[in-house]
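Geometric and topological summary
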Amino acid sequence: MRIHLVNPSDIAFGTAVITPRWLYVLAAATPAQYGDPAVIDETLDAINLDSIVPGDVVGIGIHTFNALRGYEIGREVRKRGAVVVFGGIHPTLYPEESFELGGAHAVVKGDGDRVWSTVLADCQAGSLKATYEGGRVGGASFQSARWDLLPADRYMWGSVQTLRGCPKHCSFCSVWRTDGQQPRQRTADAVVREIVELRRMGFRFILLSDDNFYPVTVEDLRLAERQGNTARIESLQEIRRERFELMDRLAKLPDDLVFYTQITMEAAEDTEFLKAMNRAKIRGALVGVESVTPEGLKSIFKDFNYAGENLVTRLKEFRKHGVHILGSFIFGLPTDKSDTFDATADLAQRADIAFAQFIMLTPFPGTVDFAKWEEKMASDPTRVGGYPLTRFWLIPRELRPKVYAPHPALSPEQIRQGTQSTWDRFYSIPAIWERASIIKSLRGRLAFVLISKLYRQMYANTGIATDSARASRSAQWARWLARPCRRLFVAAPMPDLQVPT
Ligand code: SF4
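Residues numbered from 1 in each chain as written. Predicted model: local features only at pLDDT ≥ 70, side-chain atom pairs only at ≥ 80, totals over all residues. Heavy atoms only, no water.

Turning our attention to the site of the ligand. Surrounding the ligand, one finds Cys166, Lys168, Cys170, Phe172, Cys173, Trp176, Asp211, Thr264 and Lys302. Classifying every residue of the shell around the ligand gives five nonpolar, one polar and three charged. (Near = heavy atom within 4 Å. Nonpolar A, V, L, I, M, F, W, Y, C, P; charged D, E, K, R; others polar.)

See below:
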């Protein structure tokens with residue numbers, strides 16, 4: 001009984017930026033008696049179906065946007081006699097789809113860290129159940145990944161998770177509902193051991209792939225103090241203490257390491273935290289800016305963010321502490337107007353952010369926005385490829401609309417074009433070169449240009465383009481750029497590196 005773990009993707013780039021952590025975590029959760037699992041990441045190469053033989057177990061992890069490809073694989077490998085198990089956020093929300101469309105024998109809901117070994121044991125005993133509840137495992141039970149199974153020379157960045165969950169409740173985001181609002185932190189020891197393993201292998205850039213690296217804000221503490229809630233103050237302080245402990249440990253790792261994470265903008269007013277991030281070599285962070293107007297932020301329950309000039313000041317604060325920002329912006333919010341695209345591009349350039357992504361608002365399953373939209377659309381008779389718009393991920397890719405929810409002021413094409421032109425503007429060569437001025441060496445600046453272009457080709461053109469020719473040209477460019485880019489990120493292995501005490 002050979003175990004295969006598959007990360008489905010419609011596009012293979014040959015080289016990928018970030019190691020898909022969940023694959024290697026499930027590989028670690030696979031008991032030794034089954035041998036090393038075959039790890040298949042289709043963002044590198046498509047699965048070789050001939051490698052699947054009757055009796056094998058194929059674990060397929062999917063989210064909403066690769067569900068369709070996952071279902072194709074599930075049906076194919078089932079035909080070849082494999083036992084098919086689905087897991088991930090999407091099957092947690094829609095387990096029935098995996099059975100109806102993906103050929104599933106079983107579905108795992110929630111975290112797979114602990115329950116995966118039970119699934120395999122049941123499989124071997126011939127008593128596989130249809131559904132397994134993985135729940136939300138505590139931080140101490142997070143599996144460390146099997147990095148020894150990574151293929152050589154295919155990834156640019158390592159990835160290590162330090163916590164799951166986010167206390168916020170943004171209406172477009174499913175994280176707080178699926179991973180919970182109570183942060184579940186790993187011990188600093190477990191995190192550092194994994195990082196050391198990755199650095200030994202030559203990974204210098206490491207993503208701290210957390211839902212929100214900054215789970216306790218200064219305002220949270222102030223509020224708890226105002227309420228005189230001693231238990232809450234103590235619990236918040238404990239979470240915060242563990243964050244600082246982790247950052248102190250990261251500070252002791254080799255100086256050439258570079259960490260990148262995701263945080264909320266509120267960290268900009270927490271100087272102590274920013275200084276600790278700087279010491280910990282956290283040189284970059286994705287910040288969900290979402291909208292540059294207060295009305296836009298209110299519409300998505302994210303009014304803890306700043307807008308306008310305050311926003312520029314906050315974003316610059318990160319730069320002052322050596323943390324370079326990847327700003328994430330959403331277009332298509334009900335409050336957006338035709339001038340929102342230019343206003344956003346201007347602000348992104350003025351705020352000294354290094355990278356930006358501009359995303360068209362898509363109601364994600366599991367979010368508050370999706371629930372409202374689904375209710376509103378209940379009587380809508382529209383069908384594309386046989387599916388209602390509220391099941392857009394099942395619509396064949398070539399027929400799939402780019403914008404789903406009707407907008408009070410903009411047509412779907414205006415939103416699509418506005419988004420595409422904002423990417424074009426932000427990633428024009430003169431604009432990238434201007435941003436590259438933060439780097440002193442010419443080599444470093446050229447690397448910055450190359451990486452900016454790669455980022456744009458991988459994440460913008462392939463997703464927004466309406467014609468398949470443009471999408472496939474972009475994928476081709478990304479394949480070419482990815483190889484030389486990888487060399488810019490990796491370093492000589494340090495096989496003797498020890499875990500600092
Ligand atoms: S968008 Fe970010 S801050 Fe908001 S709930 Fe999701 S993870 Fe938390």
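Another aspect to go through is the layout of surface pockets. Empty space among the atoms becomes apparent when a probe as large as a water molecule is rolled across them. Estimated volume of the second largest pocket: approximately 440 Å³. Residue lining of the second largest pocket: 19 residues in total, with Pro334, Leu361, Lys376, Ala405 and Pro406 positioned closest to the centre. Partitioning the lining of the second largest pocket into residue classes produces 13 nonpolar, three polar and three charged. (1 Å grid on protein atoms, 1.4 Å probe; cavity = no way out; pocket = protein on both sides within 12 Å on 5 of 7 lines; lining within 4 Å. Points joined across faces, edges and corners; volume = space filled by probe spheres on them.)

The subject of this paragraph is the sheet that holds strand S15 (residues 355–360). The strand order across the open sheet built from seven strands is S2-S8-S11-S12-S13-S14-S15, with neighbouring strands paired in parallel fashion. Two strands in the sheet have a free side with no partner beyond their single neighbour: strand S2 (16–18) and S15. Strand-to-strand twist in this sheet, taken as the mean axis angle between neighbours without regard to direction, amounts to 25 degrees. Pairing of S2 with strand S8 (residues 155–160), which is carried by two bridges, proceeds in the parallel orientation. For Ala16, the partnering residue across the bridge sits in S8 and is Tyr155. (Pairing = 2+ DSSP bridges. Helix = DSSP H or I, 4+ residues; strand = E, 2+ residues; numbered from the N terminus. Axes fitted to C-alpha atoms, helices over the stretch in contact; angles between N-to-C directions.)

This next bit is on the environment of Ala280. Along the polypeptide, Ala280 turns up in the loop between helix H10 (271–279) and strand S13 (282–290). Looking at Ala280, the relative accessible area reads 0%, which means it is buried. In this structure the C-alpha to C-alpha distance between Ala280 and Phe244, which are 36 residues apart in sequence, comes to 9.5 Å. For Ala280, the contacting residues outside a window of four places in its chain are Met247, Leu250, Ala251 and Phe259. (Buried < 20%, exposed > 50% of the residue type's maximum accessible area, 1.4 Å probe, protein only. Contact = heavy atoms within 4.5 Å.)

For the rest of this paragraph, the subject is the sheet that holds strand S4 (residues 57–61). As summarised here, the arrangement of the six strands in space is S3-S1-S4-S5-S6-S7, forming an open sheet in which the pairing is parallel. Of all the strands in the sheet, the pair left with one neighbour each is strand S3 (38–41) and strand S7 (131–135). Neighbour to neighbour, the strand axes of the sheet diverge by 20 degrees on average, direction disregarded. Across four bridges, the pairing between strand S1 (residues 3–7) and S4 is parallel. Within S4, the position partnered with Ile3 by the bridge is Val57. Seen against the sheet, helix H1 (residues 21–29) touches S1, S3 and S4 and runs at an angle of roughly 165 degrees to S1. Relative to the sheet, helix H2 (residues 67–79) contacts S1, S4 and strand S5 (83–87), its axis offset from that of S5 by approximately 160 degrees.

Counted under the stated rule, the structure contains 29 aromatic pairs. Between Phe329 and Phe358, the ring centres sit 5.5 Å apart and the planes meet at 20 degrees, which makes this aromatic pair stacked. Of this pair, Phe329 sits in strand S14 (residues 324–331) while Phe358 is found in strand S15, placing the two residues 29 residues apart along the sequence. Look at Phe358 and you get buried, because its relative accessible area is 2%. Seen in terms of ring centroids, Trp423 and Tyr455 are 6.2 Å apart; in terms of plane orientation they differ by 35 degrees. Their pairing is tilted. Here Trp423, found in helix H15 (residues 412–426), pairs with Tyr455, found in helix H17 (residues 442–464); they are 32 residues apart in sequence, far enough to count as distant. The residues Trp423 and Tyr455 share a single accessibility class, namely buried. By way of ring pairs, the aromatic residues Phe329, Phe331, Phe341, Phe355, Phe358, Trp423, Phe426, Tyr427, Phe448 and Tyr455 are connected into one cluster. The aromatic ring of Phe213 is capped on one face by Arg243, whose charged end is 4.5 Å from the ring centroid. Just above the ring of Tyr427 sits the side chain of Arg435; from NZ or CZ to the centre is 5.5 Å. (Phe/Tyr/Trp six-rings, centres within 6.5 Å; stacked < 30°, edge-to-face > 60°. Lys NZ or Arg CZ within 6 Å of the ring centre and 35° of its normal.)

Honestly, it's all geometry; don't read function into it.
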